[in-house]
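# What the coordinates show
Residue-level listing of the chains:
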Amino acid sequence: EDQEPAAELLQRAKAGETVNLVTHYIARDEQRRWFDVIANGIADGSQRIIIVARDITHQKKTEEQALWMAQHDSLTGLPNRSVLQKRLDLLLSRADHASANVLLILHVDNFKAINDTLGHDAGDAMLSIFADRLRTALDGGDLVARTGGDEFAVILSNCQEEHLGSVAERIFAQLSEPFVHEGRLLQCAASIGASFIPRDGRTRSEIMKAADIALYAAKAGGRGQLKVFEPAMLDEVERHQTMISSARNALQRDAILPYYQPKVSLHTSQIVGFEALLRWHDLEGSLRGPDVLKAALGDPALGNALSDRMIENVLRDVQDWLGAGIEFGHVAINVPAVDFRTDCFAERLLAKLDQCAVPTSCIQIEVTEAVFLGRGADEVETALKRLSARGVRIALDDFGTGYASLSHLNHFPVDLLKIDK
């Protein structure tokens, strides 16, 4: 295939130019060999040509490897975000409303818990197996990419909306088979958000944003499912972002404060203690409840910050009451599941009590059944037992509303039940 350009270059060399051509051939060992051929006419009027061929096979392979690495993920071998973006741009440039291409964004469910509890080797094994199974579930013409961390993307070609469900079923079926890593049985699971090209956007960013919003809806709906983008989902995302922003702002302004709800004994009609309820002042000075910050309470970083601020404020009040000789019984503090996902929660709380000289008998911890479920239950049990051993009483809140199991009452150091209304 290089004969015609080579003949042209020879004519130019005869005319006195120095020319070169990069070409190749298949050697006897079936390997492709690359050469940089330089042709230079001799300036003696004889039209003779000196040709020098330099073997650049190693250089070519290095260039090809560098190009491959620039376009692929080194762990899974899948194309990367750059390749995905170029494919989306190409599809959008050719798209019309009769075409049926779909972008899927997939997140590995509970990946952080795998990394944190079993180590990065287990996390890498999970990602590699996830990638292999995703490829197996899809057709050869579909693009499968890893876009970073535990996020993958797929572009489905010629996929009508009525067929998308069966594609998702194939993906979930492939992922559902457990695998063994260093003697532990692990399971891949994913949440999937989908957007249609070009129905859900005329630009790459619009299409990707639509799929991300659908993914958020899939996670909020309980994970392990597919959600297709709908415009109404934008409202939910905006509410979520408003909650996150409000929480950050309230923390910065130190606008988080506990309000104390009295606990009354029905036997004596006496106040025996209080529950600390999270309240905060918005920018207009109005007092708001925790429902307006619900999304932030489940966020690992913000949830911990809100909880820490509440505990600090409660302990400061308790310290003042003790110093003033005020009888208050005890104060119950709600501790969300997100607090137990961080290291040493029990140790940090006990250290704060010691620092403020607050007896552990003055504090109760209220948890919901959610802290007992899923990965990390052993760490939760250890933390609660450590608190209980130091005299902090444990209350199980909203008992009877969700995943109630009487075995929890035997397995965990629960002192009190708060039965839901």
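Residues numbered from 1 in each chain as written. Predicted model: local features only at pLDDT ≥ 70, side-chain atom pairs only at ≥ 80, totals over all residues. Heavy atoms only, no water.

## Here we look at the nonpolar core
The following threshold applies: Only buried Ala, Val, Leu, Ile, Met, Phe, Trp, Tyr and Cys residues count toward a nonpolar core, and they belong to the same one when joined by side-chain atoms within 4.5 Å. Only protein chains enter the calculation, and the probe is 1.4 Å; a residue is then buried if its accessible area is under 20% of its type maximum, exposed if over 50%, and partly exposed in between. Helix and strand definitions follow DSSP, with helices as H or I runs of at least four residues and strands as E runs of at least two, each counted in order from the N terminus. Contacts are residue-level and defined by heavy atoms, with any inter-residue pair within 4.5 Å sufficient.
In terms of nonpolar packing, the biggest core is built from 51 residues, with Ile256, Phe340, Ile365, Val367, Phe372 and Leu387 touching the most fellow members. No other element matches the 8 residues that helix α10 (residues 300-324) contributes to this core. Setting aside residues no more than four positions away along its own chain, isoleucine 365 makes contact with Ile333, Val335, Leu349, Leu387, Val392, Arg393, Ile394 and Ala395. With 32 residues, the next largest nonpolar core counts Leu78, Ala131, Val154 and Cys159 among its residues.

## Focus: the sheet that holds strand β10 (residues 226-228)
Defined as follows: If DSSP finds at least two bridges between two strands, the strands pair. Every axis corresponds to a line fitted to the C-alpha atoms, with the helix fit spanning only the stretch in contact, and the corresponding angles, defined between N-to-C directions, vary from 0 to 180 degrees.
In space, the 5 strands of this open sheet follow the order β5-β6-β4-β9-β10, with mixed pairing throughout. Strands with a single pairing partner mark the edges of an open sheet, and in this sheet they are β5 (143-148) and β10. Between one strand and the next, the sheet's axes are offset by a mean angle of 20°, whatever the strand orientation. In this sheet, β10 lies alongside strand β9 (residues 190-197) in parallel orientation, the contact comprising 3 bridges. Paired with isoleucine 192 across the bridge in β10 is leucine 226. Where helix α3 (residues 81-94) meets the sheet, its contacts fall on β4 (101-108), β5, β6 (151-156) and β9, and the angle it forms with β5 comes to roughly 130°.

## Details of the sheet that holds strand β1 (residues 18-26)
Spatially, the 3 strands line up as an open sheet ordered β1-β2-β3, and their pairing is antiparallel. Two strands lie at the open edges of the sheet, namely β1 and β3 (49-55), each paired on one side alone. Adjacent strand axes in the sheet meet at a mean angle of 25°, parallel and antiparallel pairs treated alike. Both strand β2 (residues 32-41) and β3 contribute to a ladder of 7 bridges, which runs antiparallel. Opposite aspartate 36, over in β3, you have arginine 54 as the bridge partner. Where helix α1 (residues 3-14) meets the sheet, its contacts fall on β1, β2 and β3, and the angle it forms with β1 comes to roughly 150°.

## Concerning the pattern of salt bridges
Short version of the rule: Just to be clear on terms, a salt bridge is a Lys or Arg side-chain nitrogen sitting within 4 Å of an Asp or Glu carboxyl oxygen.
Under the criterion given, the structure shown has 21 salt bridges. We note a salt bridge from aspartate 73 to arginine 146, for which the minimum N-O separation is 3.0 Å. Of this pair, aspartate 73 sits in the loop between α2 (57-71) and α3 while arginine 146 sits in strand β5, and the two are 73 residues apart along the sequence. Arginine 146 carries the same exposure label as aspartate 73, and that label is buried. Measuring nitrogen to oxygen at the nearest pair gives 3.1 Å for the salt bridge that ties aspartate 282 to arginine 288. Shared partners join several salt bridges into a network, and the residues in it are Lys263, Glu275, Glu366, Asp397 and Lys418.

## Focus: the pairing of strand β12 (residues 271-281)
In the case of a regular strand, side chains alternate between the two sheet surfaces. Where strand β11 (residues 256-264) and β12 come together, 9 bridges link them in antiparallel fashion. Within β12, the residue paired with proline 258 across the bridge is leucine 278. The hairpin turn running from β11 into β12, its antiparallel successor, is 6 residues long, and serine 269 in that turn takes a positive phi close to 60°. One ladder, built from 3 bridges, connects β12 with strand β14 (residues 331-334); its direction is parallel. Each residue of the ladder has a partner; that of alanine 276, found in β14, is isoleucine 333. In sequence, β12 turns back onto strand β13 (residues 287-288) through a hairpin of 5 residues, with glycine 285 there showing a positive phi of about 90°.

## Examining the packing of helix α4 (residues 111-118) against helix α5 (residues 120-137)
To keep it simple, the criterion reads: Three classes are used, and their members are as follows: Ala, Val, Leu, Ile, Met, Phe, Trp, Tyr, Cys and Pro are nonpolar, Asp, Glu, Lys and Arg are charged, and the others, Gly among them, are polar.
Orientation of α4 relative to α5, taken along the N-to-C sense of each, is 145°, at an axis distance of 6 Å. Residues Phe111, Ile114, Asn115 and Leu118 of α4 form the contact with α5, whose participating residues are His120, Ala122, Gly123, Met126 and Leu127. Of the residues that constitute the contact of α4 with α5, the class distribution is 6 nonpolar, 3 polar and no charged.

## What about the packing of aromatic side chains?
Note the cut-off: Ring pairs are drawn from Phe, Tyr and Trp, using the six-membered ring of Trp, whenever the two centres fall within 6.5 Å, and their geometry is named by plane angle: stacked under 30 degrees, edge-to-face over 60, tilted for the rest.
Throughout the structure, instances matching the rule amount to 6 aromatic pairs. When the centroid spacing of 6.5 Å and the interplanar angle of 45° are considered together, the rings of phenylalanine 274 and tryptophan 321 count as tilted. Of this pair, phenylalanine 274 sits in strand β12 while tryptophan 321 sits in helix α10, and the two are 47 residues apart along the sequence. Neither residue differs from the other here; phenylalanine 274 and tryptophan 321 are each classed as buried. Through a chain of ring-to-ring contacts, three or more aromatic side chains come together here, namely Tyr260, Phe274, Trp321 and Phe328.

## What to know about the environment of glutamate 30
As for its placement among the helices and strands, glutamate 30 is situated in the loop between β1 and β2. Judged by relative accessible area, glutamate 30 falls into the exposed class, the value being 62%. When the C-alpha positions of glutamate 30 and glutamate 236 are compared, they lie 59 Å apart, and in sequence the two are 206 residues distant.

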